[in-house]
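Chain by chain, the residues:
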Amino acid sequence: MLPVLPVLAIESSCDETAASVIGAGGEVLGEVVRSQIDDHKVFGGVVPELASRCHVEAIDPVVSEALERAGLQLDDIAAVAATAGPGLVGCLLVGLSYAQGLAVARGLPFLGVNHLEGHLLAPFIGDAAPDFPFLGLIVSGGHTLLVHARDVGDYEVLGETRDDAAGEAFDKGARLLGLPYPGGVAVDRLAQSGDSSAIALPRGMKRRDSLEFSFSGLKTAVWQHIDRDGVPEGQALNDFCASLQEAIVEVLLRKTRAAAAQRGLTRVIVTGGVAANSRLRSAFAEAAEVEGWELRSPQLRWCTDNASMIGYAAAQRLLRGERSSLSLDASPSLRFGVTPGRA
Ligand code: KG4
Ligand code: ZN
């Protein structure tokens, strides 16, 4: 079989244009993440049309820079990969067609990657292969999922959110508090000098043994507080942020504990943009000590969207002989566990 590494991977599903080159041992040879946060900040969130346009402008220089950082040329690349979904359709199309064009022009194997599988395997970037089995908690801006992972592509979803994702709970709460986008980062920063027991906020638990999440009640409670008492300022704002953060982290931790116990799993992965949260990281580290978990989270730069996680997931599948069609389309609502291009 022809070599499939190094693989050049592209991520453009939302508001980061990213490219990365993954080498034969699963290591990052060179990567670039160009964030559009400053372009969208004035609108308080991602504007899809603007995001697509920014991707079009950024993609070529971002890919060139990633190759340069890797000390490689296009001739050295053995395969090409890109996020196929889920995400904003116009954004996905930019990275996907760029990668497909490159694969056609160079006669290289191509693979479309599920963005959520990228997040799930991100803690193993740098390792030749992930360590299975494990319990994975994926917490991002659009998804909250508990997964029993047995092998690459062998995933069982144990629970997901009924309404808002954990990242949305941070972002919507932050917006109500008048904080800038992306809200999770702002809440994390202010919460560091806040008292997490200051405001009683609901923990959307549903039944105790259920592994489903619900964060919409929390958003309503935040709104009701602000409607009654006004937007907090100064120390009161810090306290509010700490209380909001604690409510979200506590639910994530309790459900993860329940899932680990139900499945008898001791290897626990916490990943996705919200896994960058400092309180979440310390709370899970404390729990790991108590429960005897082997806990892994990605390095901070691989928690939020990046192309190295896409390249790493692609490498795992390419090494198993998987390929995608060069006419693979973008899948904006691709579900977790579904391989792009398959029903
Ligand atoms: O994984 P990601 O970059 O994009 C998606 O695939 O959605 O996650 C973005 C989410 C946003 O909701 C953002 O507010 C949240 O991750 N986030 C954080 C932190 N950093 C990013 N939430 C809490 N604390 C953080 N430090
Ligand atoms: Zn993501």
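Just above sits the structure.
Below, the structure is looked at part by part. Note that the structure is predicted; figures quoted are calculated from it, not measured.

### Regarding the pattern of salt bridges
Any two side chains of opposite charge can pair, given that their charged atoms come close.
Move 1: The tally for this structure, following the rule as stated, stands at 23 salt bridges.
Move 2: Across the pair E156 and R150 runs a salt bridge, and its minimum N-O distance is 2.7 Å.
Move 3: Under the relative-accessibility criterion, E156 is labelled partly exposed at 27%.
Move 4: Put simply, R263 and E156 hold a salt bridge, and the shortest N to O gap is 2.9 Å. Of this pair, R263 sits in helix α8 (residues 234-263) while E156 sits in strand β8 (residues 154-160), and the two are 107 residues apart along the sequence.
Move 5: A relative accessible area of 32% means that R263 is categorised as partly exposed.

### Observations concerning the sheet that holds strand β7 (residues 144-151)
Move 1: Pairing is mixed in the open sheet, where five strands are placed in the order β8-β7-β6-β9-β10. Of all strands in the sheet, those with a lone pairing partner are β8 and β10 (294-296), marking the two edges. In this sheet, adjacent strand axes meet at a mean angle of 20° when their direction is disregarded.
Move 2: Sheet topology note: the strand β9 (residues 267-271)/β10 ladder contains three bridges and is parallel. Within β10, the residue paired with R267 across the bridge is E294.

Reading guide: rules and limits
For every chain, the first residue of the written sequence is number 1, and numbering continues from 1 onward in sequence order. For naming, the first written chain is A and the first written ligand is 1, with later ones following in the order written. This being a predicted model, a pLDDT of at least 70 is required before a residue's local features are given, and a value of 80 or more before pairs of side-chain atoms are given or counted; all residues contribute to the totals for chains, interfaces and linings. As a rule here, side-chain values come from all non-hydrogen atoms in the structure, and water together with hydrogens is ignored. Put simply, a salt bridge is a Lys or Arg side-chain nitrogen that is within 4 Å of an Asp or Glu carboxyl oxygen. For each residue, the accessible area found with a 1.4 Å probe, counting protein chains only, is set against the maximum for its type, and the residue is called buried under 20%, exposed over 50%, and partly exposed in between. Per the convention used, a helix needs a DSSP run of H or I reaching at least four residues, while a strand needs a run of E reaching at least two, with both numbered from the N terminus. For two strands to pair, DSSP has to find at least two bridges joining them. What counts as an axis is a line fitted to C-alpha atoms, over the stretch in contact for a helix, and the angles between N-to-C directions run from 0 to 180 degrees.

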